[in-house]
Amino acid sequence: MSVTSVDKDLDNLTLTLIADFAASVERVWQLWADPRQLERWWGPPTYPATVEEYDLTPGGGVTYFMTGPEGDTHRGWWRVTTVTPPDLLEFTDGFADQEGNPAADMPTMSVRVRLTAHGDGTRMEMRSTFDSREQMEQLLKMGMDEGLRQAVSQIDALLTS
């Protein structure tokens, strides 16, 4: 399994996932840079993602929805702040209502993805930072940590296909 750790730090309001892959930094970057590849792993296996809009440039955004096993849909969005291929991506991640508008009653988080050469492959560090402990606890109760682990665990199969 590629995920080596998921660290919940309530004091610093961060959730950090570390994963190691047997592929180059450039190849792992493509999983973020290509919306069709992103769809194949962004979301747990039982909630596959469909990317609707995709602009991975500073000031750009991504909109998507995940479809659950009962046909239910859950929408989300990113506002991209930093893109430095092939090793750094930063964005604000949030939930959306059924029309795709940001959901004001749900937390957002700042996400920083860093890819570095590690041994013969790549280490991905994905750190989500929350505005408050309450927001972090809300998303952890919804299963964010396990969902993220399941989503990223799908990457190995994509890298070998």
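Everything below is about the structure printed above this text.
What comes next is a walk through the structure. The structure presented is a predicted model; accordingly, all values stated were derived computationally and were not measured.

### As for the overall build of the chain
When you go through the chain residue by residue, the secondary structure sums to five helices and eight strands. Start at the N end of the chain and walk to the C end: the helices and strands fall as β-β-α-α-β-β-β-β-β-β-α-α-α. Relative to its length of 161 residues, the chain is compact, with a C-alpha radius of gyration of 15 Å against a globular reference of 15 Å. Principal-axis analysis of the C-alpha atoms places the extent of the chain at approximately 45 × 35 × 35 Å. Counting all 161 residues of the chain, 46% fall into the buried class.

### Describing the environment of P44
Along the chain, the position of P44 falls in the loop between α2 (35-39) and β3 (49-54). Classification of P44 as buried rests on a relative accessible area of 16%. For P44, the contacting residues outside a window of four places in its chain are M66, G147, Q150, A151 and Q154.

### Some thoughts on the pattern of salt bridges
All told, the structure shown has nine salt bridges when counted by the stated rule. A salt bridge links R123 to D20; the nearest nitrogen and oxygen atoms lie 2.7 Å apart. A residue pair is termed long-range when its members are at least 10 positions apart, and R123 in strand β8 (residues 121-130) and D20 in strand β2 (residues 14-21) qualify at 103 residues. Judged by its relative accessible area of 22%, D20 is partly exposed. Between R133 and E137 there is a salt bridge, with its nearest N and O atoms 3.2 Å apart. With a gap of four residues between them, R133 and E137 both fall in helix α3 (residues 133-141), about one helical turn apart. The class of R133 is partly exposed, set by a relative accessible area of 36%. E137 gets classed as partly exposed once you look at its relative accessible area, which sits at 30%.

### A look at the nonpolar core
Within the largest apolar cluster, 43 residues are counted, with the highest numbers of intra-cluster contacts made by W32, W42, W78, L89 and V152. Looking at this core, the element that brings in the most residues is helix α1 (residues 25-33), giving five residues. Setting aside residues up to four positions removed in sequence, W78 forms contacts with W32, L38, W42, L56, G60, G61, V62, Y64, L89, F91, T92 and D93.

### Brief notes about the side chain of T16
Position of T16 among the secondary structure elements: in strand β2. Exposure remark for T16: the relative accessible area of 6% places this residue in the buried category. Engagement of the side chain of T16 in a polar contact is seen with the side chain of R127, the distance being 2.9 Å. Setting aside anything within four residues of it in sequence, one finds T16 in contact with S5, V6, D7, E125, M126 and R127.

Rules used in this analysis
- Residues numbered from 1 in each chain as written.
- Predicted model: local features only at pLDDT ≥ 70, side-chain atom pairs only at ≥ 80, totals over all residues.
- Heavy atoms only, no water.
- Helix = DSSP H or I, 4+ residues; strand = E, 2+ residues; numbered from the N terminus.
- Rg over C-alpha atoms; globule rule 2.2 N^0.38 Å.
- Buried < 20%, exposed > 50% of the residue type's maximum accessible area, 1.4 Å probe, protein only.
- Contact = heavy atoms within 4.5 Å.
- Salt bridge = Lys/Arg side-chain N within 4 Å of Asp/Glu carboxyl O.
- Core = buried A, V, L, I, M, F, W, Y, C linked by side-chain atoms within 4.5 Å.
- Polar contact = N/O pair within 3.5 Å; in protein donor to acceptor, adjacent residues only side chain to side chain.

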